[in-house]
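Examining the three-dimensional arrangement
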Amino acid sequence: MNHKLFLEVNQQRNHLKFEFQMDVNYPSNKFDFGAIQIYIEGSVYNLSNEQLSSEIEDWVTHSNGDVQQFYQLTQKWDGDYNWFIENKLDQTIAFGNDYFGRLPLYYSVTEQQVVISRSIKQCVEVISPSINRYSLASTLLFGFAIDNQTLYESILKFPRNSYAVIELNLNKELITIVRGAPFDLTHQANEVDVDLLIQYLSESLLNRIEHYPSSALALSGGLDSRLIASLLKLMHKEIPHYTFNYLDWYNKDVKSAHLISTQLGIKNHSFITMNDTKLNEQVEQLFEIKEGQNFLGMAFMLPFLAHYRKHKLTMLTGDGGDKTLESVFPIKTLSSSEDFISYLLIHNSIINLKDVSKITNLSASEIRSYIMRYIQTYPDSSWNNKYARFIIQERGLNWLVEGEDRNRYFSWTLSPFYSKVFFEYALSISPHHKRNGNLFKQLFENLPGDLNQVDNPNWNVAPGNLSAMKFLELKKKIKLQMPFLKRKNKVSLTVPEWIAHFDISPVELTSHHPFNINALADLKCTENQFWYVYTVCRMVQNC
């Protein structure tokens, strides 16, 4: 994919640079109404191109260019998109995104200028920011920066379901950002209407694959993609299915995917085997593509993605299903801020707080306070709801969408779980109905394939095995009470040795202010942890 979405306006408003250039195979639209130009990156699935054009033309004709009315119009759209409006009549540029913020957009507002781009690298080149040490700590701790922050000072990720207006008139405020309403986590639905859930998800799936007839499902052995496979069978839709295997690491996934395919009678299912012979090249390619926003341990996936590009396929995935159909709530009641932060760190830390503190020269209490100041801005009254919001909003939408955005450099990517109607109904279902895979179990009972009897590789248990699922839940509770009973690392890697393997010296990486050189050099970690540290080091080096 070779495209550019970039906007720069200086404080004096006498310099404007706006670029909207999309690859020929990448979805985008431009609507020219003379003084009003509208640009859309991405796709709206519940409208045909003709219907979309008609709605936009109607807005231009009857709204006098009112941006809030355009935003309200987009609330009815089911899609993955960013939009820009250049209005020469009232000297404004407005922009916004979809309900989930599926296409990451970065921006910076300083005394000198406003910069908006789909590429964080472009923002860095214009702003020349320093590293935000608290974002650095958060990224080492969780794998991502919280609160729409990035690793860089003054560069933020544009919030989901929001819009902004930039004024070119010197007598008005330079930029105004209007945020959309937060997700509702109050669980209004005490009973589960499985048929309605299947209906919403089926409609979302059908909208997407009809919009992209070249869709091919990336079928793992997990619950999310098997649910889509079962829905396709129910709808009598036959599309290609692909499963990847990497160095035999994913044997459990491959085995489960094969059983799913067999039980559904899928005719077009292929297995793509990959190796690490070009891992160095793939790491560099991924860093060039996502500039560190997707951790480099995922570089092994690139040959699988390249297969989609080579065959001009659209990637259909199960991304997002685990945030809606499984319970993301704590398995105990959190009654205080101390309960919350302890639970959060135990269950979500990649690098432990003690090591992060040493590396960043921030005390553990400073890092904890930074996290909690942000968590206190959540609208929820209970700590359990705040925790669920963290998992959905920070891990799910702020971080995991970067992985899908990586995929879009190879082919357009779809997931039916990111439908507003389905998402809001799924969120309204009590976590009680989702624990132990119960909601997935109910769904599979109403779908073809008897997929409840196929092991979920993440659990090593089939959803339909009730006694094993209850035992799994018991193990979680025991581990929660005794967090010190953690499995020992099978391998311990010294970071500088691995960095040297990738032709970057530790001194070159750690000479920047945010790092404690000795702490980083002494850090030992698993291979997975290494990739997170290495990704952060590369971003700091690139700053």
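Quick summary incoming for the structure in this document. These figures come from a predicted structure and were not determined experimentally. (Residues numbered from 1 in each chain as written. Predicted model: local features only at pLDDT ≥ 70, side-chain atom pairs only at ≥ 80, totals over all residues. Heavy atoms only, no water.)

1. Looking at the packing of aromatic side chains
Keep this limit in mind: Stacked, tilted and edge-to-face are the three classes applied to pairs of Phe, Tyr and Trp rings, where Trp contributes its six-membered ring and a pair requires centres within 6.5 Å; stacked means planes under 30 degrees apart, edge-to-face means over 60, and tilted covers the rest. A run of H or I in DSSP counts as a helix once it spans at least four residues, and a run of E counts as a strand once it spans at least two, with each numbered from the N terminus. Note on classification: 1.4 Å probe, protein chains only; a residue is buried when its accessible area is under 20% of the maximum for its type, exposed when over 50%, partly exposed between these limits. Lysine and arginine charges are scored as sitting over a ring when NZ or CZ, respectively, is within 6 Å of the ring centre and within 35 degrees of the ring normal.
Scanning the model with the defined rule gives 41 aromatic pairs in all. For the ring pair Tyr 71 and Tyr 163, a centre distance of 4.9 Å and an interplane angle of 40 degrees mean the geometry is tilted. A residue pair is termed long-range when its members are at least 10 positions apart, and Tyr 71 in helix H2 (residues 67-74) and Tyr 163 in strand E10 (residues 163-167) qualify at 92 residues. Accessibility expressed as a relative area gives 8% for Tyr 163, which makes it buried. Members of the aromatic cluster, connected to one another through ring pairs, are Phe 18, Phe 20, Tyr 39, Phe 84, Phe 95, Tyr 107 and Phe 158. If you follow Arg 160 out to its NZ or CZ, it ends over the ring of Tyr 99, 4.8 Å from the centre. When the ring centre of Trp 383 is taken as origin, the NZ or CZ atom of Lys 386, which lies over that ring, is 5.7 Å away.

2. Some remarks on the side chain of Asp 224
The condition that has to hold: Just so you know, the count uses Lys and Arg for positive and Asp and Glu for negative, and it drops His and the chain ends. Salt bridges, as used here, are contacts in which a Lys or Arg side-chain nitrogen is within 4 Å of a carboxyl oxygen on Asp or Glu. Contacts are assigned to residue pairs that have any heavy atoms within 4.5 Å of one another.
Along the chain, the position of Asp 224 falls in helix H6 (residues 223-234). Buried charged residue Asp 224 carries no salt bridge. Nearest counter-charge: Lys 323, at 7.4 Å. Dropping the residues within four chain positions of it, Asp 224 is found in contact with Gly 318, Gly 321, Asp 322, Phe 417 and Phe 440.

3. Some details on unusual backbone geometry
The backbone of Ser 154 shows a phi angle near 75 degrees, a positive value even though the residue is not glycine. Turning to its location among the elements, Ser 154 is positioned in the loop between helix H4 (133-142) and strand E9 (156-157). Even without glycine at this site, Lys 312 takes up a positive phi of about 55 degrees. Here Lys 312 shows up in the loop between helix H9 (302-310) and strand E15 (314-316). Accessibility expressed as a relative area gives 72% for Lys 312, which makes it exposed.

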